[in-house]
Amino acid sequence: MTLVRRALPEDAEEVLRLRQVMIDSMAGADPSTDWHEESLPGLRARLGEPDGGFAAFVVDHPERPGALAALVAGTVDYRIGKAGDPSGTVGFVFSVATDPGTRRRGYARACMDTLLDWFRERGAGRVHLTASAEAAPLYADLGFLPRPDPLMELKL
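Residues numbered from 1 in each chain as written. Predicted model: local features only at pLDDT ≥ 70, side-chain atom pairs only at ≥ 80, totals over all residues. Heavy atoms only, no water.

Some points on the layout of surface pockets
Step number 1: Its boundaries defined by the atoms lining it, the second largest pocket holds a volume of some 170 Å³.
Step number 2: What lines the second largest pocket is simply V15, L16, R19, W35, S39, L43, F54, L71, A73, F94 and S95.
Step number 3: Taken together, the elements giving at least two residues each to the lining of the second largest pocket come down to α1 (12-24), α2 (35-47), β3 (68-78) and β4 (89-98).
Step number 4: Considering only residue class, the lining of the second largest pocket consists of 8 nonpolar, 2 polar and 1 charged. (1 Å grid on protein atoms, 1.4 Å probe; cavity = no way out; pocket = protein on both sides within 12 Å on 5 of 7 lines; lining within 4 Å. Points joined across faces, edges and corners; volume = space filled by probe spheres on them. Helix = DSSP H or I, 4+ residues; strand = E, 2+ residues; numbered from the N terminus. Nonpolar A, V, L, I, M, F, W, Y, C, P; charged D, E, K, R; others polar.)

Laid out in structure tokens, this is it:
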């Protein structure tokens, strides 16, 4: 049985390491880690807010004490309700990553199951994510469906 737990402030450096593993797996991603030091204080603070709208769930590395094997992070956000989702509470999944040496053990799935339960507890009627081709089968198996809506972004 895989032991999934909520990430704690002292896990922040490992959370960033696994986030970088995910970033490095994306085509055209910037491999720089210079941003880690600036990001750490904010991440530690968020990990210390158990009742906030952010959560990260992790599995400890089975062979390396103090290291993490898997990470899933998500947020809960409010959007104005609509037909089929009057509450407007939406979950968003991001930073799903598994340490390369611990893949194919079910860790990401176990973390996703825990995050989905966390979303349900907060009344989320929908959950969004963006998926790589490699991860899409896991998400489809969990019940996620592709959407035709294109994602657009504005950097401020």
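Here we look at the nonpolar core
Soluble globular proteins: nonpolar side chains tend toward being buried together.
Step number 1: If you look at the biggest cluster of nonpolar residues, it comprises 22 residues, and the most contacted ones within it are V59, V72, V93, V96, M112, L115 and F119.
Step number 2: Looking at this core, the elements with two or more residues in it are β2 (54-60), β3, β4, α3 (107-121) and α4 (136-141).
Step number 3: If one sorts the elements of this core by residue count, α3 sits on top with 9 residues.
Step number 4: Residues within four places of M112 in sequence aside, it is in contact with V72, V93, V96, L129, Y139, L142 and F144.
Step number 5: A7, A12, I23 and L71 belong to the second largest nonpolar core, which has 18 residues in total. (Core = buried A, V, L, I, M, F, W, Y, C linked by side-chain atoms within 4.5 Å. Buried < 20%, exposed > 50% of the residue type's maximum accessible area, 1.4 Å probe, protein only. Contact = heavy atoms within 4.5 Å.)

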